[in-house]
Amino acid sequence: MTSPASEAAGDSLIRLEAVSRTYRMGLVEVQALRSVSLQLARGEFVVILGPSGSGKTTLLNMVGGIDSPTSGRVIVDGIDIAALDEKGLTQYRRSRVSFVFQFFNLIPTLTARENVEFAAELVTGPRDPVEVLEEVGLRERADHFPSELSGGEQQRVAIARALVKDPPILLCDEPTGELDFETGRHILGLIRRIGEVGNKTVLVVTHNTAVGEIARRVVRLRSGEVVESRENSNPLDPQELRW
Amino acid sequence: MSRVRRWFGAKLQRKLLRDLYSSRGLFLAVIVVVLLGVTFFEASFLGYRNLKSSYDYSYETLHFADLAVEVVQAPPDAVQALESIPGVRAVYGRVNTEVGLSLPGEEAKRVLARVISLPSGSRPPVNDVKVEKGRYFQEGETDALLAEKSFAEHHQLSPGDTLHLIFDGQELNLCLAGIVTSPEYIWPAKSRQELLVSPETFGVFFVPEQTAALLSGGPEVNEFCFLFEEQADEKAVVARIEEALAPYRVMATVTADEQPSNAALQMDLQEFGEMAEVFPVMFLLVGALATYILLTRIVHNQRPHIGLMRAVGYSRRQVLFHYVSFGLIIGVVGSVLGVVVGYLLSGVVTTLYVGMLGLPYTSTSMGWMEWLAIEEGLFLGILPCFVAGIIPALAASRIAPAEAMRLPPPPSGRKLLLERLFPFLKRLPSLWKLPLRNIFRNRRRSLYTVIGVALGVSLILVSAAFVDSIDYLLDLQFNHIQRYDAQISFAEPQPENMLGEVANWTETTVVEPVLQVPARLEYGGEAYSTLVVGLEPDSRLYGLYSLDGQAVMPSPGEILLSEGLQHTLDIEVGDALAVRSASAVEQLRVSGFVKQPMGTYGYVTLEQARDLVGGQPVLSGLMLDVKPGCLGSIREQAYQIPGTASVELTAESLDKVNELMGLLRVMMWVMVGFGAALSLAIVFTTVTVSVLGRRWEIATMRTLGESRGRIAAMLTIENLSLGLVGLLPGVGLGYGLAMLFFGLIESDMISFDLVVFTDTYLLATGLVVLIMLLSQLPGIRYLNRLNLARVAKEQAA
């Protein structure tokens with residue numbers, strides 16, 4: 001499915017063409033995506049909604065280049081990333097996308113600053129790690145280990161890590177799943193602001209329907225298929241969210 | 001340089017170091033195993049090289065003979081003809097005889113003195129001596145002698161002391177000019193048959209040629225010592241020498257390899273070298289296993305991190321190298337420390353050996369072989385850990401990023417084959433059922449635990465088997481074979497009525513004669529020089545046992561041979577053996593082979609032995625059973641007999657042997673400790689990894705109400721079961737290794753029966769139980785302190 005905005009703009013950064021994904025989990029075969037087609041414009045803020053097992057994380061992983069489709073194409077900025085070799089995919093992940101995960105996925109033996117530097121060292125000309133930590137409001141906590149940070153602080157470190165590479169695409173998998181209500185709203189506000197300021201294409205995956213209200217476009221998945229894709233003409237401020 | 005600095009400063013490297021630190025206990029355990037293995041290798045190999053180098057240097061400096069030939073008698077100028085034999089570089093003719101000797105202040109006591117002639121004023125071209133104290137003979141000096149160092153030290157002799165040689169009813173007083181070491185008596189063996197002789201009964205001395213002529217009753221010599229040219233064909237030269245000396249009746253031909261002291265040292269050295277090869281491999285195998293287990297666990301635990309690394313943009317190669325580095329660090333740290341500690345220990349081992357043996361020269365140079373050994377030690381330590389680490393590292397690098405992010409599927413849970421075969425197992429309470437299922441749940445880890453325990457047990461057993469076998473050997477030799485309390489040896493054969501004289505002493509209860517005749521045993525082109533021992537057919541003081549343990553005694557016309565001779569002469573029961581003495585040649589039927597832990601002899605009836613000395617009714621010694629508390633006075637009385645050369649007390653000989661075996665025993669117990677440490681390290685690793693991996697399920701059990709005690713009991717049952725399973729193959733492997741080592745040191749000089757006492761099996765079992773219990777303590781402590789809420793939250797994450 002495509003959005004009228006991206007069609008009109010003729011500026012789709014990300015295009016999924018009949019993407020399917022099947023994988024084996026132990027003795028069980030799971031069809032995570034069934035011939036999904038989708039287009040996302042440059043600078044769009046999109047929320048992918050769906051219950052557990054709907055394929056939303058798999059879709060995110062496809063765009064992030066950390067999973068490959070069983071069939072179909074994933075075109076990002078004109079390049080079919082599904083056809084890239086390992087080296088190409090690594091380079092893509094370094095320079096084109098960044099992830100924010102539900103469980104933060106910080107390296108426990110590195111401090112906040114070091115976790116950010118961990119990503120910065122992979123690219124030439126990264127942003128300044130301290131500056132990025134300041135942007136997320138954690139400059140004073142830069143030398144603390146994850147075990148010394150609250151859930152919200154850990155997620156902000158993860159966001160800083162994602163930003164330090166200055167990627168055009170930001171992929172967030174249930175970024176508020178482990179956070180309390182207030183912190184969650186704060187994080188969502190941070191992510192949306194970062195996307196707007198940096199003109200980044202942001203994809204947020206969540207099962208929380210309320211979160212969809214802050215996006216310009218909402219795509220709903222069920223059982224591996226896109227069942228709805230709608231524009232949101234009046235996206236809410238994250239602080240106005242209630243769930 | 002900046003690239004290198006960048007690499008070292010990279011966060012991936014920092015993560016590596018901090019991950020190592022956070023599991024430092026586990027890593028340390030594996031590093032210790034690698035360290036022990038490399039230490040063992042370096043200490044053994046470098047110790048071996050140092051000793052070999054020292055022996056070689058001593059032999060070269062003192063012109064140790066390539067060959068010694070004993071003849072009945074030859075003129076001194078026979079040397080000239082021998083010098084011209086192609087292949088002979090140098091030759092020295094000398095007197096080598098045995099007389100009685102009494103010591104200053106102990107004139108009533110006598111020892112058997114081997115007296116060897118040396119030139120005065122100049123050094124012999126072959127078999128020189130090193131003066132440790134005092135001086136060498138001066139030109140024309142005749143009233144001096146030199147004493148071999150070990151004897152002199154035992155009796156606290158000093159230059160200037162007066163010693164008395166007793167021969168042919170005469171006494172000769174000589175001044176001790178110097179204390180020397182000889183390349184022929186570094187190990188002061190009397191003969192290949194008598195390797196362990198007490199300095200209370202035997203010593204080696206050197207006298208000027210003119211003095212030796214007095215002792216032997218003429219200027220004739222009875223032994224020639226040779227040095228060969230570098231490229232000489234030894235066999236051909238020996239044949240020519242024997243041919244040249246045939247007119248003088250060759251009694252024995254002894255090459256350098258056969259020379260008793262050198263043979264004993266080389267046997268010991270060979271064992272050293274073998275230990276350097278075999279034992280370190282066991283440690284390094286366990287080190288590799290432990291590395292593999294540890295890294296597999298780390299990769300499993302760090303799946304989300306691996307997914308993150310790939311998602312952020314780290315390449316497969318970077319992930320691979322990151323996890324390979326864990327194994328490399330274990331290998332490098334363990335090896336480097338092992339090389340250092342091993343090098344230092346080799347110095348200690350060398351010093352101990354040199355001190356114990358009294359080597360004339362020590363050589364510990366670091367040549368290319370030694371540097372090669374150090375490189376080999378590093379290689380041996382690093383390679384197994386690198387290879388073991390590569391497997392889980394490759395797995396880590398190959399995990400698809402998305403797959404790494406997903407929860408791994410739960411391990412397959414199914415009933416065991418054992419439960420299907422033995423249905424009663426299904427009805428076991430969970431206290432027993434869970435440990436049983438856990439053992440088979442991770443079969444590889446259980447197998448590695450069993451292997452680690454088996455290797456450790458085998459090391460314990462092979463070391464303890466040495467000690468048991470030595471104890472058995474000594475018991476057999478000194479309680480069952482040598483049943484006498486004392487043996488009087490005469491310098492020359494004495495008439496048989498000596499028996500009656502001594503039997504009348506109030507201190508004796510039983511007295512038996514013995515006649516030892518130097519002879520050459522010849523069969524099928526092979527020959528062996530030894531002593532043929534004549535015993536009374538119904539001897540109570542000397543026991544002989546067939547190979548299957550039956551008591552046997554020689555019969556007329558027959559000879560019993562020590563078991564080693566069966567192989568040496570390639571001879572069987574029923575074969576006819578030629579026994580050649582100085583006076584006669586007898587053809588005797590081999591009636592059997594007897595157990596002989598120390599030495600190699602032939603046994604005949606007393607009458608048969610007398611035939612070998614021309615039919616004279618003589619004896620060379622008397623075996624005595626003595627009333628309690630009378631040993632001292634027996635010795636004094638024995639020395640009153642004019643022909644007495646020495647009086648051996650069995651208890652004293654046993655003490656001396658135990659003293660010599662002391663260092664070996666200590667080394668074996670150190671090895672037992674090593675074996676226990678090896679098992680402890682691997683079991684600690686596998687148990688801790690297992691506990692850490694199961695903390696979620698254990699937290700769940702605790703949440704459900706299971707007590708700490710029962711959880712600890714389940715863990716104990718699981719570990720003890722694995723330990724006991726490892727015990728059986730460990731015992732088998734240890735037994736096999738012991739047989740391998742015993743086979744290496746088996747020779748005509750010493751013959752070990754591999755014996756393992758029941759106590760030793762109990763010791764091994766007890767140690768395994770202790771190791772399993774100790775190694776699980778940190779894990780149990782960790783489980784007891786689990787924060788149940790936090791673990792449950794982690795599990796949800």
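Quick caveat: nothing in here was measured; it's all calculated off a predicted structure.

**Here's the deal with the overall build of chain A**
Then step 1. A tally of helices and strands in chain A yields seven helices and 10 strands.
Then step 2. In terms of C-alpha radius of gyration, chain A reaches 17 Å, essentially the compact-globule figure of 18 Å for 243 residues.
Then step 3. By principal-axis analysis of the C-alpha atoms, chain A measures approximately 45 × 45 × 45 Å.
Then step 4. Within chain A, the proportion of its 243 residues that are buried is 55%.
Then step 5. Restricting to contacts in chain A with at least 6 residues of sequence separation, those with at least 24 account for 71%.
Then step 6. With an accessible surface of roughly 10000 Å², chain A has 46% of that area assigned to carbon and sulfur atoms.

**Regarding a negative patch on the surface**
Residue and element names in this part refer to chain B.
Then step 1. A cluster of like negative charges, contributed by Asp233, Glu234, Asp257 and Glu258, occupies part of the molecular surface.
Then step 2. Residue placement: Glu258 occurs in the loop between β11 (250-255) and α8 (260-301).
Then step 3. Glu258 gets classed as partly exposed once you look at its relative accessible area, which sits at 34%.

**Re the nonpolar core**
Then step 1. Counting residues in hydrophobic clusters, the biggest one holds 195 residues, and the most contacted among them are Leu59(A), Phe279(B) and Tyr323(B).
Then step 2. Leaving out residues up to four positions away in the same chain, Phe279(B) has contacts with Phe40(B), Leu459(B), Val462(B), Met671(B), Leu737(B) and Phe741(B).
Then step 3. Ala78(B), Ile85(B), Val99(B) and Leu101(B) belong to the second largest nonpolar core, which has 42 residues in total.

**Quick look at the packing of aromatic side chains**
All names here are of chain B.
Then step 1. Per the counting criterion, the structure on display carries 17 aromatic pairs over all chains.
Then step 2. Relative to Tyr361, the ring of Tyr57 lies with its centre 5.5 Å away and its plane at 85°, an arrangement referred to as edge-to-face. Of this pair, Tyr57 sits in helix α3 (residues 24-61) while Tyr361 is found in the loop between α10 (316-357) and α11 (368-398), placing the two residues 304 residues apart along the sequence.
Then step 3. Classification of Tyr361 as partly exposed rests on a relative accessible area of 21%.
Then step 4. One aromatic cluster is present, built from ring pairs that chain together Phe40, Phe279, Phe283 and Phe674.
Then step 5. A cation over a ring is seen here: Arg24 above Tyr21, with NZ or CZ 4.2 Å from the ring centre.

**Thoughts on the pattern of salt bridges**
Once the charged atoms of two side chains with opposite charge are near each other, the side chains can pair.
Residue and element names in this part refer to chain B.
Then step 1. Enumeration according to the criterion identifies 44 salt bridges over all chains in this entry.
Then step 2. Among the salt bridges present, the one from Lys130 reaches Glu132, with a minimum N-O distance of 3.8 Å.
Then step 3. A salt bridge links Glu153 to Lys149; its shortest N-O distance comes to 4.0 Å. Taken as a pair, Glu153 and Lys149 lie in helix α5 (residues 149-154) at a separation of four residues, close to a single helical turn.
Then step 4. Residue classification places Glu153 among the exposed residues on the basis of a relative accessible area of 52%.
Then step 5. With a relative accessible area of 17%, Lys149 lands in the buried category.

**Things to note about the confidence of the model for chain A**
Then step 1. In this model, chain A carries an average pLDDT of 89, and 95% of its residues clear a pLDDT of 70 or more.
Then step 2. In the model, residues 1-10 of chain A has pLDDT below 50 throughout and makes 16 contacts with residues more than four positions away in sequence or in other chains.

**Things to note about the sheet that holds β11(B)**
Residues and elements named next belong to chain B.
Then step 1. Across the sheet, which stays open at both edges, the four strands sit in the order β2-β10-β1-β11 with antiparallel pairing between neighbours. Two strands close off the open sheet at either side, each with one partner strand: β2 (88-94) and β11. Neighbour-to-neighbour, the strand axes of the sheet open up by a mean angle of 20°, direction not taken into account.
Then step 2. Strand contacts of helix α7 (residues 234-245): β1 (67-74), β2, β10 (221-228) and β11, with the helix running at about 155° to β10, the strand carrying the most contacts.

**Focus on the packing of α3(B) against α10(B)**
Residues and elements named next belong to chain B.
Then step 1. Contact geometry of α3 with α10 gives a least axis separation of 5 Å together with a crossing angle of 35°. At the point where α3 passes α10, the crossing takes the right-handed sense.
Then step 2. Along the lines of polarity and charge, the residues of the contact of α3 with α10 split into 20 nonpolar, 10 polar and one charged.

**Brief notes about the interface of chain B and chain A**
Then step 1. Taken together, the 28 residues of chain B in the interface contact 30 residues of chain A.
Then step 2. When chain B packs against chain A, the two sides together hide about 2500 Å² of surface, and 62% of this comes from carbon and sulfur.
Then step 3. Here chain B is connected to chain A by six salt bridges.
Then step 4. The residue Glu114(A) makes a salt bridge to Arg14(B) at a minimum N-O spacing of 2.5 Å.

About the cut-offs
- Residues numbered from 1 in each chain as written.
- Chains lettered and ligands numbered in written order.
- Predicted model: local features only at pLDDT ≥ 70, side-chain atom pairs only at ≥ 80, totals over all residues.
- Heavy atoms only, no water.
- Helix = DSSP H or I, 4+ residues; strand = E, 2+ residues; numbered from the N terminus.
- Rg over C-alpha atoms; globule rule 2.2 N^0.38 Å.
- Buried < 20%, exposed > 50% of the residue type's maximum accessible area, 1.4 Å probe, protein only.
- Contact = heavy atoms within 4.5 Å.
- Areas by Shrake-Rupley, 256 points an atom, 1.4 Å probe, with all protein chains shown as cover.
- Patch = residues over 30% accessible without salt bridge, like charges linked within 9 Å, V, L, I, M, F, W, Y side chains within 5 Å.
- Salt bridge = Lys/Arg side-chain N within 4 Å of Asp/Glu carboxyl O.
- Lys, Arg positive; Asp, Glu negative; His and termini not counted.
- Charge placed at Lys NZ, Arg CZ, Asp CG, Glu CD.
- Core = buried A, V, L, I, M, F, W, Y, C linked by side-chain atoms within 4.5 Å.
- Phe/Tyr/Trp six-rings, centres within 6.5 Å; stacked < 30°, edge-to-face > 60°.
- Lys NZ or Arg CZ within 6 Å of the ring centre and 35° of its normal.
- pLDDT = per-residue confidence, 0-100.
- Pairing = 2+ DSSP bridges.
- Axes fitted to C-alpha atoms, helices over the stretch in contact; angles between N-to-C directions.
- Left-handed = near helix turned anticlockwise from the far one by under 90°.
- Nonpolar A, V, L, I, M, F, W, Y, C, P; charged D, E, K, R; others polar.
- Buried area = accessible area lost by both parts, 1.4 Å probe.

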